Structures are given as structure tokens and as C-alpha cells.
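# Structure assessment
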Amino acid sequence: MRVFQNVEDLGDLKAALREAFEVKKNRFQYQELGRSKTALLIFFNNSLRTRLSTQKAAMNLGMNVIVLDVNQGAWKLETERGVIMDGDKSEHLLEAIPVMGCYCDLIGVRSFATFESRKDDYEEKILNQFIRYSGKPVFFMESATVHPLQSFADLITIEEYKRTARPKVVLSWAPHPKALPQAVPNSFAQWMNAADVDFVVTHPEGYELDPRFVGDARVEYDQLKAFEGADFIYAKNWSCPGVTRPADYGKVLNKDMSWTVDAAHMAVTNNAFFMHCLPVRRNMIVTDDVIESPQSLVIPEAANREISATVVLKRMLEAL
Amino acid sequence: MRVFQNVEDLGDLKAALREAFEVKKNRFQYQELGRSKTALLIFFNNSLRTRLSTQKAAMNLGMNVIVLDVNQGAWKLETERGVIMDGDKSEHLLEAIPVMGCYCDLIGVRSFATFESRKDDYEEKILNQFIRYSGKPVFFMESATVHPLQSFADLITIEEYKRTARPKVVLSWAPHPKALPQAVPNSFAQWMNAADVDFVVTHPEGYELDPRFVGDARVEYDQLKAFEGADFIYAKNWSCPGVTRPADYGKVLNKDMSWTVDAAHMAVTNNAFFMHCLPVRRNMIVTDDVIESPQSLVIPEAANREISATVVLKRMLEAL
Amino acid sequence: MRVFQNVEDLGDLKAALREAFEVKKNRFQYQELGRSKTALLIFFNNSLRTRLSTQKAAMNLGMNVIVLDVNQGAWKLETERGVIMDGDKSEHLLEAIPVMGCYCDLIGVRSFATFESRKDDYEEKILNQFIRYSGKPVFFMESATVHPLQSFADLITIEEYKRTARPKVVLSWAPHPKALPQAVPNSFAQWMNAADVDFVVTHPEGYELDPRFVGDARVEYDQLKAFEGADFIYAKNWSCPGVTRPADYGKVLNKDMSWTVDAAHMAVTNNAFFMHCLPVRRNMIVTDDVIESPQSLVIPEAANREISATVVLKRMLEAL
């Protein structure tokens, strides 16, 4: 595996899940694989879970880890070619990327959508430069459009907790004070479409996800109707994806607090588990009582980030 | 040991000191103990000695180390339950703490007093959440009220340099431009009360330390009288502890430069050693000539931070 | 080797180059040398290549690495003696440096010229305090006046790519929007004077480098004339070194864009290789087409930073 971006990069999903559970039983069994190998984790944006779980995963595999916070301890990078660089950016990505590639064996990159240009965001301008110029395998630690380490952990969690062969999984939009990227819902939709689940998406009008991720998944604009009989509720806010309303890309269209997942919402489900990728705004996305209920999987789901990352890095090491 | 907060957590102090000197002779002898174990060091506040010495200690024991600077590279955390999180805080400690606990075996936390509420500070609101929700052993890397890794290092240093079986040790307040927490003097008083020393505290009126730490230690308001015949002078500034003057908690009551430890002060001692936990404001707390004198132990004392941390982490690993 | 600052610290340059190429063949062959040894990397200024390549080098040698960003996660340090420290600086270098030395075996320091005082900068006030007070071997990761890890990497690169026994190497000033230190050109001149090359320096009037570094190297004020027949063009901006114009130390005297290295400049060379230490301002220092040409060595040169650092740390470990 030279790139970890989409669900297809993992090949047979059932095999990947088996591997995840095997790793979870003994996460240190592949320590020789990473000896004298270095993972470089590059953060253009803040991170808690991804930062910790990916470091832990790399160390599980015996790797050395270097963490680089761009814009903290390094400097701003120019991304456009042809610019006379007389401003505040000291270096061009076209130099910085191959240089970073020199000092490591695997590169993880976090770089969020900027909402300045839907085209740039959805073309994965930054990450594609890393793929093209770093000379090393690249895994996405949340990019402008996807967050596959999260979705793989989500899938592992659903597989662990499901009570039926083909559970009903609902991805539900919920309100948030700020404009958030679509990376998590995009990836979650992509992974659920590839998994053996009954997948439904619910959100207000205008929040339609990009077809390349959501595919022909069922969309239900009535949130409570979507929740009926659900086995898993996956809540998440996202800003306008600019599909049905291109001019509103990246904007907050709606703060309707009736979409907050509360006990009344959960009451219509099949005693569903509650999931969220975290960080979560309590009493915006979900009420205190739902997130603290026995049905809440937010912590086991986060714990599985270490497992998904270990599997991904293991496969990348094996392919070196 | 599941929590390292107070002197009692270490059990028999003489045994702990013996262990410290044994570790100091060969600090790498327990490298197998930490294999495939991860220490997570969480800093809500800045750090130099604690950051370096605790990383070093964990590596002495063969551990992996992850350092997390909250508010730098991560984000602000909500600490109150029931809040509608529509402000600048992206995540709740109730999620963040168990998540952090997922990716490590031991957790160290630095979180200073905020002086917003004496009750919150003295109830150790933040650290107690880590103890309660992280699922992992927690060691204090300076909390709102204590700094036990420092006090243990101080005790080791006194044991190394003492010239009599029961030396006279004086904790002396000294002036400082800013309001500092009471963590260091609280812990130092607690540890000296538990050690075999003649302990005296001296400070201006209003700076009385909390009885749960200072106990029935002798307090002498005349600094020079306190210094008479002392074997060790331990200087430190602290702000008003709010014991005798509750309304002034966390305030600077006094900047009397006659309390600065200078040669005239040291002249009345029994050729005392000078100690300070560092960082120290020169010519506020202590004059250049005293801190640079052969009697100054500030550097060996700092070096013993590695030893105290190694012993504490070793014991926590043994108890896993 | 107790200090790595100048080319002389490396002894016989040919032997050092042989060692570099041997290390490059197998950079992990000395992993036992660094076992249980800790490198502390202290950054007073930002860093990308030095940060990554030096971490990688230390890990190549089996060392533990601690990275400390002063002013981020630590605090401001006082450097003057005798000051009443009642301002924003919490600690004095005279305490901080020996303390840092306690927790490691080797210390690397980055501390740029401040341009506040030519005397302080050129006396290496900060680095010399580390050499004097840390108690540990110190290597320069770019100081006020030198950047020897860069120059050693440059020399390795020239040795790898040279097509004649004694190539012509031209150090050329080029325009830049901000005032940059002279560390890179100083060191490059020092190392080229010590190497077996035909060395020429070219820059506008007023940019004369300090004689202690540039020695009696040939200076040619006509850039194109300097470039004639060159085998290597080493471009770099620097601010006024204050040699011929003492009052202008650290100032930008010139932004003449005719000095930008473009295809017309390269056309008069002997099909020269293009070198730059990076980060580089494109279309200020060098045009897009020159830096992207097959003759551009900026990436292999950066990759050799890992090699130069590995050799330097290896020698320091051997001398412990």
C-alpha cells in the first residue's frame, strides 16, 4: 500500500477487519517490522486523537516517530508555483515535501479543507503534492475531503458491537457553532457503502454530501424517520458541501437545535449505539445524557484509532 | 502505585530513598520494565525541567514517550458538565481524558492553579478528573496544589548533602513580580514533615500555607531568626494561599525586597546549602552571589529530578 | 569531539568525507553506539530540515532524542548577569543551561543572530554559554555566525557530484525580502577554503563577509563574471555583515533582482549544478526553472543533512 486515502486502498474489507482484530489481541507482535524505520507525522492542523493514536501505532510496530507541527516550530509554506516569494512564506511545498520525504520511510499528513476553493479542497491539492513529490508512502491523517483512519476505526467498532449480521447505520448531521469540513462524513459514507450494512444519511436540505463519497446511499431528510429502527447512530456536523448549493460551500446553513441527538431521538431507534468521531460539542451535537449512556461508543471508537492506524502502518511497512 | 500525588503514595520514605540512590548508580538497569509501555506527558502549562527530566526518566526505563502540549497543537478543553459548547472549546475533558488514557500505560499531567477559585484549585479538579476517568495510573507533574516529583528530588538532595543526622531545613518565602501557585511550598512542607529533619517555615504575615500541607510545622515570621543555624535554605515565592486572608487567595500581598536571600541572610546560617526548585528570578528570590556560591545546590537538585521521576515511573510500571 | 562549530573540529576533511560515504551506505550500522544515550535538541528559532535530519541522525545511531522548543512550551530566558529579573523572563540561562545538560549526553543548539549587537552575535554569546556551562558536548544547529551541519552536507554533495578533481565553486549573494543572518555563507566560505576547490564569492558592494570566515577567498563583484566556467553555483542571501559598513550590520542594503539566479546566469557556467541550503524564496533567489532543472541539487543536498549529522553525532558519541 503506497497511499492510504480511500476504502479501496485496503482491498478486501473483511480481511482487513480480521487483521485488525488479530492486531488488537497483541498490538506488539510486529515490532520487528518497524525496526530502523521512521514515520513522519506532519500536522498542518491541530490534533489530539490522531496525534496520539498514530504515534502509538507507529511505536507498536517498533518504528521511530518524528512529529512536525507546521506553523509551530517550522514556518509557512507556499503552495503556488510561479509566485515571487517576497511575502510571509519562507519555503515552497515543492522543496519542503521532497525534503521531508528524505528523512523518513512513511509520511502521514493532516491538512484540512480551507474552504477558500471547493475545487482545491476536493482535488486534494496539498495531499496530492505529498503523494507526487515526497517519494514515500503517504497516509491521510484527515485531509480536505477524507479521514480514512477514523472510518476504519468506526468500521472496526461497528463490527465489534453489531447485534445483527446487517445492522442499520444512520449518519446524522447535527448542529455546531462553526463551519466544519466534510472529511469525516465523506469517509464514513464511503466506508459504509463498502461495508455490509444498511446505510442511511440524514441532514437538512442543502447539506447533501458529494456523490463520489455518498454514492447512491439512501438520504432521508426527516431525522426521526431515519432514526427508526437504527442499530447505530453516527452523529456529525458538517458545513455545506456545495453540491446542491455551490455558492454556499463551506458555510453554516443551519443551526437548528432540534437536530441535536437527545434521548427522544434515541427512543425511536432499536436501542442504537451512539457514535461520534470526537471532538464533540456537548449539548450541540449530542446531549450529556446520551453521550454518557451505556450505549455510547465514543471511547471504544477512539481506542480503535490505535488499531486502525497500526494495521495501516503495518501494511505500508510490509509493502516497502 | 496508581497515583503519585502525596508523600504517602511512596510508602516508607527511607526505602524510597534507598531505591533512588540505587537507581542513581545505574539509571538504565530497569530498561526491560518499560518495554512496549508508553508514558503520556500532558502539559496544560509550560515546563522545562519537568518536561526534560520526565522524558529522560521514562526513556531510562525503556518506555516510549508521547508529549502533548494542550493549547499548542491540540485545542482548548471544556471542564464543566451541562454546558452548551458553542464557544471556543472544542472538546470536553470527559471525552478527552478517557481517550488519552486509551493510548498509553501511564499518564503524567501538569496543570497549575488558575486562581479563579480556591475551592476548585484545592480540590484538584483537573487532576482528579484524570485519576477518575483516564483508566490509567496518574502522576502529578505539578498540579494546582502539589509538585511531588520536585519534593522527592529535594529530599534526595538533602539526604545527599546533609552533614548531620537531623539537619535544620528552612522554607523561606521570597519576593517575585508575579502571582505564583503554592504547589512547590505545599509539597515541600508535606515532604519535610514526613522526613527526619528539623523543619521551619518563614514568610510574611498573610502567606500562611494550607494546614493540610504545612501541618504543625514551626512558622517563624522573622526571616533572619528562622535562618539562624540552618543547614538548608529552601527559597521560594508563593502568592497568598488564602488561609488567613481568604479574600486574597492567589494575590501578591508583598514585594518586600528585604526577603531576598543574600549573603547577609546566609551569614547567620550554619553555612547552609541554598536550594530552589527553579526557574528562579535572580536578584528577586536570591542574589547572583548566593546562587553562584559553592553552597548552592540548585543544579544537583534539578539533576535529581531525573532520579525522582525514574523511581516513581518504575514503581508505577511494577504495579501495572 | 566536544564542540562542533568549525570545519577544523572535524580534523582531516578527506577522512571525514570517507566516513560520510561509509555511513551513507548503511546509516544504521552504529546503532549500538547510541544505546541509552540522549540527544537534546534545543531550538530558539524555527527549523524544518535541521529539526528532522538531526532527529533522524540521532535515531540512526540508536539514541533517544528530546526536542525542546524554547519559547514554545518552555519560557523566555534571561541572558544578562546582574539583572533584577522582574520582567517577562522567568529563568536565567546560567541555571537553564546546566540543567538542560543534566538530562542528556549531547546538546544541539539553534540560536540565530539577533542583529541587536554585532559584537554579541559574532562572539557567539549564547552558544558559548552552552559550551561553557552545559557540561556536555555541544553541536551547532545554526548559530549567530555558523551553520556547520549544512556546510558539511554541502561538501559531501559537491564531492558526490563533482566532475573534475578541483571544481570551481561560486558562492553568490541573491536578493531576499528580509534581513537574513550570515551563518550559512560564513560557514560555506570557511568549509570551501578548507576543501580542494576553486572558490569564488560574488555579491554587491557592502556585503563583504567577515574575514575570519571568508579568509583570502577571491571576491568578484561582477556576478556574471564570477559565474563563468563554474561547476557549482551556491546561491544564498545574507544581510550586511558589517565588515565594510559597520553601521549597516544586519540591514538589507540591496534588493537588486538582477542578482536572481536564472537561466541566463546559468548559461555562462560550465553546465553548473545549482545548490541552496533551503528554505529558498523562489523567483527571488532563483527562478522556478533553474531550481527545477536536472542540474538542481537542492534535494540531494538536503538529504545529506542526515548524513552530516550522523557523522557528527557518531564522533561525539565515540568521544564521550
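Summary of the structure given here. Nothing here was measured: the structure is a model prediction, and the numbers come from that model. Numbering of residues starts from 1 in every chain and runs along the sequence as written. Working convention: letters from A go to chains and numbers from 1 go to ligands, in the order in which they are written. Residues qualify for local features only when their pLDDT is at least 70, as the model is predicted, and side-chain atom pairs are given and counted only at 80 or more; totals for whole chains, interfaces and linings, by contrast, use all residues. As a rule here, side-chain values come from all non-hydrogen atoms in the structure, and water together with hydrogens is ignored.

Cysteine sulfur atoms are paired as a disulfide whenever they come within 2.5 Å of each other. This model, assessed by the stated rule, comprises zero disulfides over all chains. Looking at Cys104 of chain A, it has no disulfide partner, and the nearest cysteine sulfur is the one in Cys102 of chain A, 8.6 Å off. In this structure Cys240 of chain C is not part of a disulfide, and its nearest cysteine sulfur, from Cys277 of chain C, lies 19 Å away. Accessibility expressed as a relative area gives 0% for Cys240 of chain C, which makes it buried. The cut-offs for exposure are 20% and 50% of the maximum accessible area for each residue type, with area from a 1.4 Å probe on protein chains only; residues under the lower value are buried, those over the upper are exposed, and the others partly exposed.

Another point: the pairing of strand S2 (residues 38-43) of chain B. All names here are of chain B. Labels follow the DSSP assignment, with helices taken as runs of H or I lasting at least four residues and strands as runs of E lasting at least two, numbered in each case from the N terminus. Counting buried positions over the six residues of S2 gives six, a clear majority of the element. Alternating residues of S2 divide into Thr38, Leu40 and Ile42 and Ala39, Leu41 and Phe43, and every residue in both groups is buried. Criterion used throughout: strands pair if DSSP finds at least two bridges between them. One ladder, built from six bridges, connects S2 with strand S3 (residues 64-69); its direction is parallel. Opposite Thr38, over in S3, you have Asn64 as the bridge partner. Place the viewer so that the strands point away; then a crossover is right-handed whenever the path from the first strand over the helix to the second strand goes clockwise. Of the crossover connections in this fold, the one passing from S2 over helix H2 (residues 49-60) to the parallel S3 is right-handed. Note that S2 and strand S6 (residues 106-110) share five bridges and pair parallel. Across the sheet, Phe43 pairs through a bridge with Arg110, a residue of S6.

In the superposition of chain C on chain B (RMSD 0.0 Å, axial shift 0.0 Å), the rotation amounts to 120°. Such a combination of turn and shift is consistent with a three-fold rotation axis. Here only 3% of the contact residues of chain C are again contact residues in chain B; the copies associate through non-equivalent surfaces. All copies are superposed by least squares; the fitting set is the C-alpha atoms of residues with a pLDDT of at least 70 in both. Should any heavy atoms of two residues lie within 4.5 Å, those residues are counted as being in contact.

All names here are of chain B. Throughout, an axis means a line fitted to C-alpha atoms (over the contacting stretch in the case of helices), and angles, computed between N-to-C directions, take values from 0 to 180 degrees. Where helix H1 (residues 13-25) contacts helix H6 (residues 148-161), the axes come no closer than 11 Å and their chain directions differ by 80°. The orientation of H1 relative to H6 falls into the category roughly perpendicular. Residues Leu13, Ala16, Leu17, Ala20, Phe21 and Lys24 of H1 touch H6, and the partners they reach there are Phe152, Leu155, Ile156, Glu159 and Glu160. Roughly parallel refers to an angle under 35 degrees, roughly antiparallel to one over 145, roughly perpendicular to one between 65 and 115, and oblique to any angle outside these ranges.

Let us now look at the interface of chain C and chain B. At the junction of the two partners, chain C supplies 32 residues and chain B supplies 32 residues. Interface of chain C and chain B: buried area, both sides summed, is about 2800 Å²; carbon and sulfur atoms make up 61% of it. Only one rule defines a salt bridge in this text: a Lys or Arg side-chain nitrogen within 4 Å of an Asp or Glu carboxyl oxygen. Linking chain C with chain B are three salt bridges, by the criterion used here. Of all the secondary-structure elements, those providing two or more residues to the side of chain C that touches chain B are strand S2 (38-43), strand S3 (64-69), strand S5 (91-92) and helix H3 (93-102) of chain C. Class assignment of the residues belonging to the side of chain C that touches chain B gives a composition of 17 nonpolar, nine polar and six charged. Using a 1.4 Å probe, buried area is obtained as the accessible area two parts lose upon being combined, added over both of them. Residues are sorted three ways: Asp, Glu, Lys and Arg are charged, Ala, Val, Leu, Ile, Met, Phe, Trp, Tyr, Cys and Pro are nonpolar, and all the rest, Gly among them, are polar.

Bear in mind that shape data such as this cannot, by itself, settle questions of function.
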